[in-house]
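# Structure assessment
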Amino acid sequence: MQIQIPSPISGGILLSYKCTTSCKHCMYACSRKWKGDWIKKDDLERILDQLAGKIEPCAWGIGINYGLHFTGGEPFMNFRLLLKAVKIASELGIPSLFVETNCFWCRNDEFTERRLRELKDSGLDGILISVNPFIAENVPFERTERCIRLSRKIFGANVIIYQEIFYHLFKKMGLKDTLSFEKAIPALRYAELLPMGRVPYKLGHLFRKYAANAFFGQSCRNELIRSWHIHIDNYCNFIPGYCGGITLGDARDLESLKLDLEERPILKALLTDLKQLFELGKKFGYVERDYISKCHLCVDVRRHLAMNADFDELQPLEFYSHLDD
Ligand code: SF4
């Protein structure tokens with residue numbers, strides 16, 4: 001049975017999985033330990049060329065799940081590539097373009113403003129600034145404040161602070177430097193945490209856990225086969241939604257992206273019933289543990305399969321070795 005993958009109407013491009021931090025909530029297991037590959041210019045051009053005309057604009061400028069964003073990893077680690085990506089996308093008329101950053105690079109006003117202005121002049125519409133206890137562990141808050149202040153000057157209303165509640169909380173605390181994670185634990189109740197990617201491994205102790213059969217009978221059809229908010233990584237993997245470590249195929253050829261489920265047993269299982277994935281894992285020696293969510297069960301079985309078997313839909317393999325970073 002073949003399934004046609006719908007054309008994306010919004011999404012993000014991971015320029016690399018390389019990041020300056022290893023956030024405990026990262027869905028894509030990014031960290032400084034990754035090899036550090038960046039998307040090739042030819043691939044970027046081909047991908048953006050195909051997205052042109054498909055990506056729909058956000059009615060109010062930029063929005064988290066609208067338009068197209070450049071992310072990582074931390075895209076400002078390779079500013080020249082980011083600038084090139086923005087230029088190409090803008091020239092192609094892709095709407096609601098923004099970049100996502102952890103602000104590590106905002107060391108002084110002059111440098112920060114210059115980079116933001118270069119991006120704006122190249123066609124960037126706005127910026128998403130990550131503010132949460134995981135970033136605050138590694139990035140001095142004064143850099144985040146600087147980025148917000150100067151971004152508002154340059155991009156006006158097209159500045160998303162995600163999550164705004166942490167910005168106000170950290171300001172109220174008078175935070176300037178980094179914040180130890182232990183001190184931030186009480187504030188975690190405000191965090192919008194998706195219990196997937198690295199969360200089960202780094203924050204699992206904060207959640208109630210369940211046996212595998214609590215998630216049997218559920219499928220991921222809505223998460224895997226959808227047009228809104230997909231991601232494409234630097235290896236050209238077409239990532240469904242936020243499901244790091246899964247590829248639906250080569251994003252350089254969107255029109256011919258089809259899933260032959262007989263050739264993709266993991267995707268077939270996920271589209272049918274999580275129980276089938278669990279059973280597949282057991283055939284390869286997977287041993288049950290307890291789980292905070294269906295995505296925890298999924299990523300844990302997939303990690304075992306990625307390490308012990310050969311499934312084309314589990315890409316990039318390096319993702320599975322950075323879940324504990
Ligand atoms: S269970 Fe797996 S495939 Fe389904 S949404 Fe979670 S990570 Fe994605």
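Structural data are supplied above this passage.
These numbers come from a predicted model, not from an experiment. Along each chain, residues carry numbers from 1 onward, in the same order as the chain's sequence is written. The model is predicted, so local features are restricted to residues of pLDDT at least 70 and side-chain atom pairs to those at 80 or more, both for listing and for counting; the totals for chains, interfaces and linings are taken over all residues. As a rule here, side-chain values come from all non-hydrogen atoms in the structure, and water together with hydrogens is ignored.

## Considerations on the pairing of strand β5 (residues 126-130)
Note on classification: 1.4 Å probe, protein chains only; a residue is buried when its accessible area is under 20% of the maximum for its type, exposed when over 50%, partly exposed between these limits. Segments assigned H or I by DSSP are reported as helices when at least four residues long, segments assigned E as strands when at least two residues long, and all are numbered from the N terminus. The buried fraction of β5 amounts to five of the five residues, a majority that puts the element mostly inside the structure. Neither face of β5 is exposed, since Gly-126, Leu-128 and Ser-130 on one face and Ile-127 and Ile-129 on the opposite face are all buried. Should DSSP find at least two bridges between two strands, the strands are taken to pair. Where strand β4 (residues 97-101) lies against β5, four bridges are found, and the strand directions are parallel. Considered in β5, the bridge of Phe-98 is made with Gly-126. Assignment of crossover handedness uses the view with strands pointing away from the viewer, where a clockwise path from the first strand over the helix to the second indicates a right-handed crossover. You can see the chain leave β4, run along helix α3 (residues 109-121) and come back into β5, and the turn it takes is right-handed.

## A short note on helix α2 (residues 79-91)
Since the α-helix advances by 3.6 residues per turn, residues separated by three or four positions end up pointing in the same direction. Helix span is expected to be 1.5 Å times the residue number reduced by one. Compared with the 18 Å implied by 1.5 Å per residue over 13 residues, the 18 Å span of α2 between its first and last C-alpha is a close match. For α2, the elements touching its buried residues are α1 (41-51), β3 (68-71), β4 and α3. By definition in these notes, contact holds between two residues if any of their heavy atoms fall within 4.5 Å.

## So, the nonpolar core
For our purposes a nonpolar core is just a set of buried Ala, Val, Leu, Ile, Met, Phe, Trp, Tyr and Cys residues, chained together by side-chain atoms within 4.5 Å. Of all hydrophobic cores here, the largest spans 111 residues; its most connected members are Ile-13 and Phe-70. Sort the elements by how many residues they give to this core and α2 lands first, with eight residues. Among all residues touching Phe-70, those that are not within four sequence positions of it are Ile-13, Leu-15, Leu-48, Pro-75, Leu-82, Ala-85, Val-86, Ala-89, Leu-97, Phe-98, Val-99 and Glu-100.

## Section: the site of the ligand
Inspection of the region around the ligand gives Met-196, Cys-220, Glu-223, Leu-224, Cys-243, Ile-246, Leu-270, Lys-294, Cys-295, Cys-298 and Arg-302 as its neighbouring residues. By residue class, the composition of the shell around the ligand is eight nonpolar, no polar and three charged. Consider each residue's heavy atoms; a residue with any of them within 4 Å of a molecule or strand counts as near. Classification convention: Asp, Glu, Lys, Arg as charged; Ala, Val, Leu, Ile, Met, Phe, Trp, Tyr, Cys, Pro as nonpolar; all other residues, Gly among them, as polar.

## Some remarks on the sheet that holds β4
Read across the open sheet, the seven strands follow the order β6-β5-β4-β3-β2-β7-β8; overall the sheet is mixed. Every other strand in the sheet has two partners, leaving β6 (159-162) and β8 (238-239) as the edge strands with one partner each. α1 contacts β2 (11-14), β3 and β7 (230-232) of the sheet and is inclined by roughly 175 degrees relative to β2. Between N-to-C directions, angles cover 0 to 180 degrees, with each direction set by a line fitted to C-alpha atoms, over the stretch in contact for helices.

## So, the pairing of β4
The buried fraction of β4 amounts to four of the five residues, a majority that puts the element mostly inside the structure. As defined by bridge partners, β3 adjoins β4 across three bridges and the pair is classed as parallel. Within the sheet, the bridge partner assigned to His-69 lies in β4 and is Phe-98. Following the chain from β3 across α2 to the adjacent parallel β4, one finds a crossover that is right-handed.

## Regarding the packing of aromatic side chains
To describe a pair of aromatic rings, one takes the distance between the centres and the angle between the planes. Pairing of aromatic rings covers Phe, Tyr and Trp, the last through its six-membered ring, and needs centres within 6.5 Å; plane angles under 30 degrees mean stacked, over 60 mean edge-to-face, and all others mean tilted. This structure, assessed with the given rule, holds 14 aromatic pairs. Here Phe-284 and Phe-311 contribute two aromatic rings whose centre-to-centre distance is 5.7 Å and whose plane-to-plane angle is 75 degrees, an arrangement assigned as edge-to-face. One end of the pair, Phe-284, is in the loop between α11 (274-283) and α12 (294-308); the other, Phe-311, is in the segment after α12, with 27 residues separating them in the sequence. By relative accessible area, Phe-284 is classed as partly exposed at 36%. On the basis of relative accessibility, which here comes to 12%, the residue Phe-311 falls in the buried class. Through a chain of ring-to-ring contacts, the aromatic side chains of Phe-141, Phe-166, Tyr-167 and Phe-170 assemble into a single cluster. Over a ring means this: the NZ of a Lys or the CZ of an Arg is within 6 Å of the ring centre and within 35 degrees of the ring normal. Lying across the ring of Trp-228, Arg-226 places its NZ or CZ 3.9 Å from the centre.

## What about the pattern of salt bridges?
By convention in these notes, a salt bridge is any Lys or Arg side-chain nitrogen within 4 Å of a carboxyl oxygen on Asp or Glu. Tallied over the full model, the rule gives 20 salt bridges. Between Lys-54 and Glu-255 there is a salt bridge whose closest N-O contact spans 3.1 Å. Remark: Glu-255 occurs in the loop between β8 and β9 (258-260) and Lys-54 occurs in the loop between α1 and β3; sequence separation between them is 201 residues. Glu-255 sits in the exposed class, given a relative accessible area of 53%. Salt bridges sharing common partners tie together Arg-289, Asp-300, Arg-303 and Asp-324.

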